[in-house]
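What follows is each chain in one-letter form.
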Amino acid sequence: MHPASINDRQDRAFAAHILDLFTIAEQKYIPRFSGFLDMHQSTLARQITSGQSHRSFLFFGGHPGSERVMLGVFPPYEEPDPDAFPIVPLTLRFRLEDSIGHRDLLGSLMGLELRREAIGDILLEPGRAVLFAAKSVAPVILSELTKVGRWGVKVSQGLPEQLPALHQYQDKNINVSATRLDCIVAAVVGCSREKAAQRVRAQLVSVNGLTIGETAHILHAGDIISIRGCGKFLFAQETGSTRKGRLCLLFKKYI
C-alpha cells in the first residue's frame, strides 16, 4: 500500500510517517519506532508493511496480545528485538473499593498533558492497574500521577507477577448463512439483514478499525467489528455447522 492509494488526508500523512520509519532505518542504520497505534492505525500500518521488501520490523505493545502496539523498524539484517522498544510498564495500586475505570484513568493521564500515542494498553482489575507508556513520558507519570478522579493511587515501575485481563467479554453464539458482513451484523445485533445492510452502507460499521461500506465483505476469525450504537465484537471462532448447513460462530462482545 502506498500513500497515494489512500483517500483520507490524515491516513495519507500517517502512511507517509510509517514509510519514513523504514527510510531512516535503512539509510541511517538505527531503529525507529512509532508511537502507540490505535486499531485503525495498526491495520493501516500492517497493510503498508506487508508491501515492504525490508522485513526487519515488529509490532509490539509491551505484553503478549497487546492491542495498542508500536511499530519498530530495525536496520537491515538486524533481528527485531522487543527489549529495544521504548516502552515502560507501570503498575498502579489503589484501594479495592475505589471504582476506577478505564475512562477515569485515561482522563487523568490526559490531564497530565500527555499525548494519546504515548499511552499503550491499560489493564484494570480491582485494586490494581497496569499500563504501558512510552519511555519519554514514564517519568511524568511516576512523579505526577497521584490521583485518579478523587481516588489516590501509587505508581511504580515494573509489572506484577500476573497481568490483569485486557478485556472482559460476553459470549454470543450465532448461526449465519455466510461470514458476509451484513449477515454477521444482523446476527449479532438481532435485526433483519436489510437493516444490517443499511448500517453497513451508512458507514456505521468498522472492521479492525477501518470503516467498511461493502455488505459482502468477508470476515475471518480474529476480526473485530464495531457497530455504532451496538458495541464491539470479536469473531472468536467457527464452532461447527447446523444440519441445514448454516455456520455456527462464536463472537465475544466487549463489556
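Please read all numbers here as calculations on a predicted model, not as lab measurements.

Cut-offs used in this document
Residues numbered from 1 in each chain as written. Predicted model: local features only at pLDDT ≥ 70, side-chain atom pairs only at ≥ 80, totals over all residues. Heavy atoms only, no water. Core = buried A, V, L, I, M, F, W, Y, C linked by side-chain atoms within 4.5 Å. Buried < 20%, exposed > 50% of the residue type's maximum accessible area, 1.4 Å probe, protein only. Helix = DSSP H or I, 4+ residues; strand = E, 2+ residues; numbered from the N terminus. Arc of directions from axis to C-beta. Pairing = 2+ DSSP bridges. Axes fitted to C-alpha atoms, helices over the stretch in contact; angles between N-to-C directions. Parallel < 35°, antiparallel > 145°, perpendicular 65-115°, else oblique. Left-handed = near helix turned anticlockwise from the far one by under 90°. Contact = heavy atoms within 4.5 Å. Nonpolar A, V, L, I, M, F, W, Y, C, P; charged D, E, K, R; others polar. 1 Å grid on protein atoms, 1.4 Å probe; cavity = no way out; pocket = protein on both sides within 12 Å on 5 of 7 lines; lining within 4 Å. Points joined across faces, edges and corners; volume = space filled by probe spheres on them. Salt bridge = Lys/Arg side-chain N within 4 Å of Asp/Glu carboxyl O.

## Structural notes on the nonpolar core
Here comes step 1: Among the nonpolar cores identified, the biggest contains 33 residues, and Leu105, Leu109, Leu131, Ile141 and Leu145 are the most heavily contacted of them.
Here comes step 2: When contributions to this core are tallied by element, the ones reaching two or more residues are strand 4 (87–93), helix 3 (102–110), strand 5 (119–125), strand 6 (128–134) and helix 4 (138–144).
Here comes step 3: By residue number, the principal contributor to this core is strand 6, which donates six residues.
Here comes step 4: If you look at the next biggest cluster of nonpolar residues, it comprises 20 residues, including Ala186, Ala196, Ile225 and Ile227.

## Examining helix 3
Here comes step 1: When helix 3 is considered as a whole, its buried residues turn out to be Leu105, Leu106, Ser108 and Leu109. In a view along the axis of helix 3, the buried residues occupy a sector of 160 degrees, so they form one face of it.

## Quick notes on the sheet that holds strand 9 (residues 154–157)
Here comes step 1: Strand order in this open sheet of four strands is 5-6-4-9, and the pairing throughout is antiparallel. Across the chains shown, the open sheet's two edge strands, defined by having one partner strand only, are strand 5 and strand 9. Each strand axis lies, on average, 20 degrees off the axis of its neighbour in the sheet, ignoring direction.
Here comes step 2: Sheet topology places strand 4 next to strand 6; seven bridges connect them, and they run antiparallel. Counterpart to Val88 in the pairing with strand 6 is Ala133.

## Looking at the pairing of strand 5
Here comes step 1: When you tally the buried positions in strand 5, you get five out of seven residues, the bulk of the element.
Here comes step 2: Relative to strand 6, strand 5 is paired through five bridges, and the arrangement is antiparallel. Opposite Ile119, over in strand 6, you have Ala133 as the bridge partner.

## As for the environment of Glu97
Here comes step 1: Looking at the secondary structure, you find Glu97 in the loop between strand 4 and helix 3.
Here comes step 2: Residues Glu97 and Arg12, spaced 85 residues apart in sequence, show a C-alpha to C-alpha distance of 46 Å.

## Structural notes on the sheet that holds strand 13 (residues 224–227)
Here comes step 1: Strand order in this open sheet of six strands is 10-15-14-13-11-12, and the pairing throughout is antiparallel. Only two strands of the sheet have a single neighbouring strand rather than two, namely strand 10 (169–176) and strand 12 (210–211).
Here comes step 2: The sheet contact formed by strand 13 and strand 14 (residues 231–241) spans four bridges and is antiparallel. From the neighbouring strand, Ile227 faces strand 14, where its bridge partner is Gly231.

## Here's the deal with the packing of helix 1 (residues 9–28) against helix 2 (residues 39–49)
Here comes step 1: Interhelical geometry of helix 1 versus helix 2 gives an angle of 50 degrees and a closest axis separation of 10 Å. By the criterion of interaxial angle, the relationship of helix 1 to helix 2 is oblique. Between helix 1 and helix 2 lies a crossing whose hand is right-handed. The residues of helix 2 that touch helix 1, namely those facing Asp11, Phe14, Ala15, Ile18, Leu19 and Phe22, are His40, Gln41, Leu44, Ala45, Ile48 and Thr49.
Here comes step 2: The class makeup of the residues in the contact of helix 1 with helix 2 is eight nonpolar, three polar and one charged.

## Remarks on the packing of helix 5 (residues 181–189) against helix 6 (residues 193–201)
Here comes step 1: Where helix 5 contacts helix 6, the axes come no closer than 8 Å and their chain directions differ by 115 degrees. Judged by the angle between their axes, helix 5 and helix 6 are roughly perpendicular. As helix 5 packs across helix 6, the resulting crossing turns out to be right-handed. For the pair helix 5 and helix 6, contact is made by Leu181, Asp182, Cys183, Val185, Ala186 and Val189 and by Arg193, Ala196, Ala197, Arg199 and Val200, respectively.

## Looking at the layout of surface pockets
Here comes step 1: The space that makes up the largest pocket amounts to roughly 640 Å³.
Here comes step 2: What lines the largest pocket is a set of 25 residues, among which Glu67, His102, His167, Lys232 and Tyr254 lie closest to the centre.
Here comes step 3: For the lining of the largest pocket, the residue count by class is 11 nonpolar, eight polar and six charged.

## So, unusual backbone geometry
Here comes step 1: The phi dihedral of Tyr29 falls on the positive side, at around 55 degrees, and the residue is not glycine.
Here comes step 2: Residue classification places Tyr29 among the exposed positions, given a relative accessible area of 52%.
Here comes step 3: The backbone phi angle of Tyr77 is positive, close to 70 degrees, even though this residue is not glycine.

## Things to note about the pattern of salt bridges
Here comes step 1: All told, the structure shown has eight salt bridges when counted by the stated rule.
Here comes step 2: As a salt-bridge pair, Arg128 and Glu125 come within 2.4 Å of each other at their nearest N and O atoms.
Here comes step 3: Exposure remark for Glu125: the relative accessible area of 28% places this residue in the partly exposed category.
Here comes step 4: A salt bridge links Asp182 to Arg180; its shortest N-O distance comes to 2.9 Å.
Here comes step 5: The exposure class assigned to Arg180 is partly exposed, which follows from its relative accessible area of 24%.
Here comes step 6: Salt bridges here are not isolated pairs; linked through shared partners, they connect Arg95, Glu97 and Asp98.

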